Amino acid sequence: MANVFFSYAISPYAAKVRAILRHKQVPFREEIVHPLRRGEIKRLSGQLLVPIMDFDGHVVSDSTAIAQAIEERFPEPALLPADPAQRGLVKLLEEWADEGLATVVQPLRWLIPYNYRVTHQRMRASYPPGRADDLTIAAVARAVQLKIIRKHGFGRPAHLLNRFAEVMDYLEAVLKPTGFLVGDQPTIADFAVYGFLSQLEDLDGWETLRARRRVAKLIKTLGGGGAVEVPAQAPAPAARPETYDAHDQALIDASRLRRAKVQ
Ligand SMILES: N[C@@H](CCC(=O)N[C@@H](CS)C(=O)NCC(=O)O)C(=O)O
């Protein structure tokens, strides 16, 4: 079988591509790349970023180009609408998710101490055990954190959570009653949003997401009905940004309580 998907376990862009491959039932093999051993990525694609996809010798890098290439090779079910205006909107929203949503979600994952610890653990768990990798993956996680600080500045947790809650409100308002961003079927834009938001599972901010009913449903639907429970009666989103602190602190507490029960 010849479709090989090179990923990181915790990459939002890889999560976007992985979900598209599964949704279209494309046969593929996944290789989790070690961040310090990217020789094959460089050799295959001429650059160092993940994800890349090798379609039987034809290599594509960048999740947007990969999504387009999957669409061309595996057209059903279609993830781009036929209508040019709708298709344009999907492309714009995909771009917003990949670049704009990233500026909100990446600091949330890497700068809130609890989220950092869990994200680091998830990265570590995607490689075999061993003392050497305990150290290298810890160093890589710190390097990612520094990169995020250099790129986005250092945000306080409350500020990051407030900003996230605000963006989740916009997204909730934009999602159609069908549950998707454009039209009545999932599109590449929905998968790009999924790629980022799915990385927040059980982190601080997750309850904020789950409180937005359509957002929660989107993540559940595109993740194949995974772990997300959609509350029957989602709490109403906070009306004014000033109320986000108390609102989100309550949600964080609820989420911690839930985790404590699970452990
Ligand atoms: N625009 C690219 C972004 C890919 C990207 O930034 N990948 C990150 C992982 S999430 C990466 O490989 N980072 C390694 C590095 O920066 O050296 C896409 O959509 O695939």
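So, here's what we can say about the structure. Because the structure is a prediction, the values reported are computed rather than measured.

To continue, consider the overall build of the protein. Along the protein, the regular secondary structure elements total 11 helices and four strands. Counting contacts in the protein only where the partners sit at least 6 residues apart, residues at least 24 apart contribute 69% of the total. Of the accessible surface of the protein, which amounts to about 12800 Å², a share of 57% is contributed by carbon and sulfur atoms.

A few words on the site of the ligand. Taken together, Y8, S11, P12, Y13, R38, L49, V50, P51, D62, S63 and K147 make up all the residues around the ligand. The separation between an oxygen atom of the ligand and a polar side-chain atom of R38 is 3.0 Å. Summarising the interface, the protein chains cover 76% of the accessible area of the ligand, which totals 520 Å² for the free molecule. More than half of the atoms belonging to the ligand lie within 2 Å of the grid points that define the largest pocket. Its residues placed into classes, the shell around the ligand shows six nonpolar, two polar and three charged.

Strand order in the open sheet formed by four strands is β2-β1-β3-β4, and the pairing between neighbours is mixed. Both outer strands of the open sheet, β2 (29–32) and β4 (58–61), are each paired with one neighbouring strand and no more. Sheet twist, expressed as the average angle between the axes of neighbouring strands with direction ignored, equals 20 degrees. Where strand β1 (residues 3–7) meets β2, four bridges bridge the pair, whose relative direction is parallel. Each bridged residue has a counterpart across the sheet, and for S7 the counterpart in β2 is I32. The strands that helix α1 (residues 12–23) touches are β1, β2 and β3 (52–55); relative to β1, the one it contacts most, it runs at about 155 degrees. Against the sheet, helix α3 (residues 63–73) makes contact with β3 and β4, and its axis sits at roughly 135 degrees relative to β4, the strand it touches most.

Here helix α5 (residues 113–125) is 13 residues long and its end C-alpha atoms lie 18 Å apart, about the 18 Å a rise of 1.5 Å per residue gives. Among the residues of α5, Y114, N115, Y116, V118, T119, M123 and R124 are the ones counted as buried.

So, on to α1. Between its terminal C-alpha atoms α1 stretches 16 Å, which fits the 16 Å expected from 12 residues at 1.5 Å a residue. Among the 12 residues that make up α1, nine are buried, leaving the element largely enclosed by the rest of the structure. For α1, the complete set of buried residues consists of P12, A14, A15, K16, V17, R18, A19, I20 and L21. A side-chain oxygen of the first residue of α1 lies 3.2 Å from the backbone nitrogen of Y13; this N-cap is S11. Looking one or two residues past α1, Q25 carries a phi angle of roughly 55 degrees, positive in sign.

A few words on the pairing of β3. Along any regular strand the residues' side chains alternate between the sheet's two faces. Here β3 shows a buried face lined by I52 and D54 and a second buried face lined by M53 and F55. In terms of strand pairing, β1 meets β3 through four bridges, oriented antiparallel. Each residue of the ladder has a partner; that of F5, found in β3, is M53. Bridge analysis of β3 against β4 gives four bridges, and the strand direction is antiparallel. Note that in β4 the partner of D54 across the bridge is V59.

For the rest of this paragraph, the subject is the layout of surface pockets. Of the volumes computed, that of the largest pocket is approximately 1100 Å³. Lining the largest pocket are 35 residues; nearest its centre among them are Y8, Y13, L49, Q106 and K147. Those elements that provide at least two residues to the lining of the largest pocket are α1, α3, α4 (84–111) and α6 (131–152). It is α4 that contributes the most residues to the lining of the largest pocket, eight residues altogether. Class assignment for the residues of the lining of the largest pocket results in 18 nonpolar, nine polar and eight charged. Looking at the lining of the largest pocket, you find at least three residues from each of domain 1 (3–73) and domain 2 (84–262).

The rules behind the values
Residues numbered from 1 in each chain as written. Predicted model: local features only at pLDDT ≥ 70, side-chain atom pairs only at ≥ 80, totals over all residues. Heavy atoms only, no water. Helix = DSSP H or I, 4+ residues; strand = E, 2+ residues; numbered from the N terminus. Contact = heavy atoms within 4.5 Å. Areas by Shrake-Rupley, 256 points an atom, 1.4 Å probe, with all protein chains shown as cover. Near = heavy atom within 4 Å. Polar contact = N/O pair within 3.5 Å; in protein donor to acceptor, adjacent residues only side chain to side chain. 1 Å grid on protein atoms, 1.4 Å probe; cavity = no way out; pocket = protein on both sides within 12 Å on 5 of 7 lines; lining within 4 Å. Sits in = over half its atoms within 2 Å of the grid points. Nonpolar A, V, L, I, M, F, W, Y, C, P; charged D, E, K, R; others polar. Pairing = 2+ DSSP bridges. Axes fitted to C-alpha atoms, helices over the stretch in contact; angles between N-to-C directions. Expected span 1.5 Å × (residues − 1). Buried < 20%, exposed > 50% of the residue type's maximum accessible area, 1.4 Å probe, protein only. Points joined across faces, edges and corners; volume = space filled by probe spheres on them. Domains from an automatic or database assignment.

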